[in-house]
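Chain by chain, the residues run as shown.
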Amino acid sequence: MELQERLEDLKNSTQAKLAKMRGDNAKELQELRVQVLGKKGSLTELLQGLKELSAEARPIVGKQVNEVRDVLTKAFEEQAKIIEAAKIQAQLESESLDVTLPGRQIKLGSRHILSQISEEIEDIFLGMGYQIVDGLEVEEDYYNFERMNLPKDHPARDMQDTFYISQDILLRTHTSPVQARTLDSHDFSEGPLKMISPGRVFRRDTDDATHSHQFHQIEGLVVGEQISMGDLKGTLELISQKMFGQDRRIRLRPSYFPFTEPSVEVDVSCFKCGGEGCNVCKKTGWIEILGAGMVHPSVLEMSGVDAEKYSGFAFGLGQERIAMLRYGINDIRDFYQGDIRFIQQFK
Ligand code: FA5
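Reading guide: rules and limits
- Residues numbered from 1 in each chain as written.
- Predicted model: local features only at pLDDT ≥ 70, side-chain atom pairs only at ≥ 80, totals over all residues.
- Heavy atoms only, no water.
- 1 Å grid on protein atoms, 1.4 Å probe; cavity = no way out; pocket = protein on both sides within 12 Å on 5 of 7 lines; lining within 4 Å.
- Points joined across faces, edges and corners; volume = space filled by probe spheres on them.
- Helix = DSSP H or I, 4+ residues; strand = E, 2+ residues; numbered from the N terminus.
- Nonpolar A, V, L, I, M, F, W, Y, C, P; charged D, E, K, R; others polar.
- UniProt positions renumbered as here; feature names shortened; annotations may be inferred.
- Buried < 20%, exposed > 50% of the residue type's maximum accessible area, 1.4 Å probe, protein only.
- Contact = heavy atoms within 4.5 Å.

Draft legend 1. Inspection of the layout of surface pockets at higher detail. Here the largest pocket defines a volume of roughly 1300 Å³. Ranked by the residues each element gives to the lining of the largest pocket, the list is headed by strand β8 (residues 286–295), at eight residues. The class makeup of the residues in the lining of the largest pocket is 20 nonpolar, 19 polar and nine charged. Computed from the structure, the second largest pocket encloses a volume of approximately 190 Å³. Around the second largest pocket, the lining residues are His112, Leu114, Ser115, Asp134, Gly135, Glu137, Arg172, Pro198, Gly199, Arg200, His216 and Gln319. Considering each element in turn, the lining of the second largest pocket owes the most residues, three residues, to strand β4 (residues 193–202). Considered class by class, the residues forming the lining of the second largest pocket number two nonpolar, six polar and four charged.

Draft legend 2. Main features of the UniProt feature "domain: Aminoacyl-transfer RNA synthetases class-II family profile" (unreviewed entry) in the protein chain. Taking the numbering used here, the UniProt-annotated feature "domain: Aminoacyl-transfer RNA synthetases class-II family profile" (unreviewed entry) corresponds to residues 113–335. A helix fraction of 26% and a strand fraction of 30% characterise residues 113–335, whose end C-alpha atoms lie 8 Å from each other.

Draft legend 3. Fine view of the UniProt feature "binding site: Mg(2+)" (unreviewed entry) in the protein chain. Within this structure's numbering, the places UniProt gives as "binding site: Mg(2+)" (unreviewed entry) are Glu261. Residue position: glutamate 261 is located in strand β7 (residues 260–269). Residue classification places glutamate 261 among the partly exposed positions, given a relative accessible area of 48%. Here glutamate 261 is in contact with Met294 and His296, once residues within four sequence places are set aside.

This is how it looks when you write it as structure tokens:
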């Protein structure tokens, strides 16, 4: 057969094979391409035949070979596109994407109720000119106890069962050590010290509905000239009214803390029954919210503050307690479980 005829034949037969090829057979397409256009393929083989042609015929047939190569190369590319499109189509069908389905909702959290309470109390005190001080969660025994007038072996240490890290280092059991640290650094020639310090504290208490091994307190401390029990009462009355309502009253009951003298427990009149007695106040009309007192002269003196000239009051409240009372939360463990249904109720 003439070379030109064989060329024409190769072109036609390849085009026919391509036309018959199934749309999903990439392997078959590749094999055919190698067979026809590959280094040892049919077209290369035909090219060898050029050598035997006359010098006049060679360029003409050579041009034809190139034309056939171009046509077939394009045809293979077309078929590759068809195969690729079929593959994508098959994939889309198998994924059965339903664009009419509603989207998946991203669950948004919100500020934790304990953070909200802490910010609310901070705002109240900032408005009265207090500073907010950060304390250390890992504290020295010295500041947590000794500087709070609780020397080693003092029986009142038992009231705050402690996680010790070493003999001298512990997880603070209350926010009161911040009192000693701020008293140490305060310059009284610049005016009285007025601070609050919110933060996390730790005790080896067994977890139950009202106790947790870690919880949050807010410490308050005011030290200056002629600070009296009346100032303490007025301040606590104000904070109770802001937190629990304008018509709240407070009552002070004698208590004991080694770092205050006198010491008091502070009750607020029940915000649910107004003082008549109900299940929230256990029929007493009053709810205990915090411990407080006049700063013990020894605590002042250990910081080098002249207890004859300066006096002050301090208080410490449990944040969880405030939130539980205000919102009727029955179990303290709800605060720490990160359940979005709980957290979102306090938006
Ligand atoms: C103190 O911790 C004193 N530092 C408070 C204080 C400060 C008194 C300044 C005087 C002057 P108390 O151990 O009572 O006191 O704890 C204070 C509050 O922390 C309690 O009223 C309670 O609301 C909360 N609390 C105590 N233990 C736990 C616990 N295991 N889980 C949750 N809250 C607790």
